[in-house]
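# An overview of the molecular structure
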Amino acid sequence: MSDQTASTPDAAASTPTGRRRRGWGAFFRDLLVIVVIALLVSFLVKTFVVRSFYIPSASMENTLMVKDRILVDELTPRFGSYERGDVVVFRDPGGWLDPKPTAQTVSPISEGVDWVLSLFGLAAPDSDDHLIKRVIGVEGDHVVCCNALGQTTVNDVPIDESYVRLAPGATAPSPVPYDVTVPEDSLWVMGDNRNSSRDSRYNQDQPTKGFVPVENVVGRAFVITWPFDRFGLIDFHHEVFAGVPAPAAK
């Protein structure tokens, strides 16, 4: 009888080559599972917790600069309410944004890459479809422009908006008259770059009369993530509104 061991399937599987083949298969299987779980978690986080946006215009300077990338808290609209001073991202209530030019053809590969990056919060392809402003008035507030010093008043109290960007030599923004009471489930919002912001003041002739329905609000911007030299929390300047009383009862 020959001493040579007969080759069997079990013996082949136990060889280094067999182990290596099975090892690579397990590696790619585990890698696929990890990628799928990461995409699912990222999708859930983006949908229900936080989203990334970039700043496309100068309307919030100097608080937010063009091309800043920010994170937006999506939990506030579900479990809380907005305060005066909050910086919010919202969908166009109607007529605030200029009509988009005819869309240029984008390759499916580019669209796919943007989609994947957006799942991880690394791209924000719909930023141009949203606006970002500061909340000046909440439901029931009486907001008026302006007093003798050019200040906005909220519930008859003038607010000293230290964050507003003024034109060189100016002591107050160019006045745009408004005398409004914020309706239920709505906000009155304005940009910090007051002379370069098409905000509630300039949309009083639109369907929502310049107010932003709370249902249009995606969430509250809370941190600048890019560029790194501007990384940090966004200041809501709640102290500016500390002396404003609650709206008068109807």
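Counted under the stated rule, the structure contains one disulfide. What pairs with Cys-145 in a disulfide is Cys-146, and their sulfur atoms sit 1.7 Å apart. Residues Cys-145 and Cys-146 are joined by a disulfide whose S-S torsion is about -60°; by sign, that bridge is left-handed. Taking the relative accessible area as the measure of exposure, Cys-145 reaches 13% and is therefore buried.

Moving on, we come to the pairing of strand β3 (residues 87–91). Extensive coverage of β3 is indicated by the burial of four of its five residues. Note that β3 and strand β4 (residues 130–137) share five bridges and pair antiparallel. By the bridge assignment for β4, Val-89 is matched with Ile-132. Pairing geometry for β3 and strand β11 (residues 217–226), over three bridges, is antiparallel. Across the sheet, residue Val-89 finds its bridge partner in β11, namely Gly-219.

Taken as a whole and judged by the stated rule, the model has nine salt bridges. Put simply, Arg-198 and Asp-98 hold a salt bridge, and the shortest N to O gap is 3.0 Å. Residue Arg-198 is located in the loop between β9 (186–190) and β10 (212–213), and its partner Asp-98 is located in the loop between β3 and α4 (108–119); the two are separated by 100 residues in the primary sequence. Of the residues examined, Asp-98 reaches a relative accessible area of 56% and is grouped as exposed. In this structure, the salt-bridge partner of Arg-134 is Asp-192, at a minimum N-O distance of 2.8 Å. Remark: Asp-192 occurs in the loop between β9 and β10 and Arg-134 occurs in strand β4; sequence separation between them is 58 residues.

In this section: the packing of aromatic side chains. Counting across every chain of the model gives four aromatic pairs. Between Phe-90 and Trp-96, the aromatic rings sit 5.5 Å apart at their centres with planes inclined by 85°, giving edge-to-face as the arrangement. By relative accessible area, Trp-96 is classed as buried at 2%. Sitting over the face of the ring of Tyr-163, Arg-134 holds its NZ or CZ atom 4.2 Å from the ring centroid.

On the surface, Trp-24, Phe-27 and Phe-28 cluster together into a nonpolar patch covering about 370 Å² of accessible area. Here Phe-28 shows up in helix α2 (residues 16–48).

Okay, the sheet that holds strand β5 (residues 142–145) next. On the basis of which strands lie adjacent, the open sheet formed by four strands has the order β7-β6-β5-β8 and antiparallel pairing. If you trace the sheet from one side to the other, it starts and ends with β7 (157–158) and β8 (178–181), each paired once. Direction of pairing for β5 relative to strand β6 (residues 152–154): antiparallel, over a ladder of three bridges. Each residue of the ladder has a partner; that of Val-143, found in β6, is Val-154.

A separate point is the side chain of Arg-194. By the secondary structure assignment, Arg-194 is in the loop between β9 and β10. Taking the relative accessible area as the measure of exposure, Arg-194 reaches 2% and is therefore buried. In this structure Arg-194 touches Ile-136, Glu-161, Tyr-163, Val-164, Arg-165, Pro-173, Asp-199 and Arg-201, once residues within four positions along its chain are discounted.

Calculation notes
- Residues numbered from 1 in each chain as written.
- Predicted model: local features only at pLDDT ≥ 70, side-chain atom pairs only at ≥ 80, totals over all residues.
- Heavy atoms only, no water.
- Disulfide = S-S within 2.5 Å.
- Buried < 20%, exposed > 50% of the residue type's maximum accessible area, 1.4 Å probe, protein only.
- Helix = DSSP H or I, 4+ residues; strand = E, 2+ residues; numbered from the N terminus.
- Pairing = 2+ DSSP bridges.
- Salt bridge = Lys/Arg side-chain N within 4 Å of Asp/Glu carboxyl O.
- Phe/Tyr/Trp six-rings, centres within 6.5 Å; stacked < 30°, edge-to-face > 60°.
- Lys NZ or Arg CZ within 6 Å of the ring centre and 35° of its normal.
- Patch = residues over 30% accessible without salt bridge, like charges linked within 9 Å, V, L, I, M, F, W, Y side chains within 5 Å.
- Areas by Shrake-Rupley, 256 points an atom, 1.4 Å probe, with all protein chains shown as cover.
- Contact = heavy atoms within 4.5 Å.

This is a description of form; function is not addressed.
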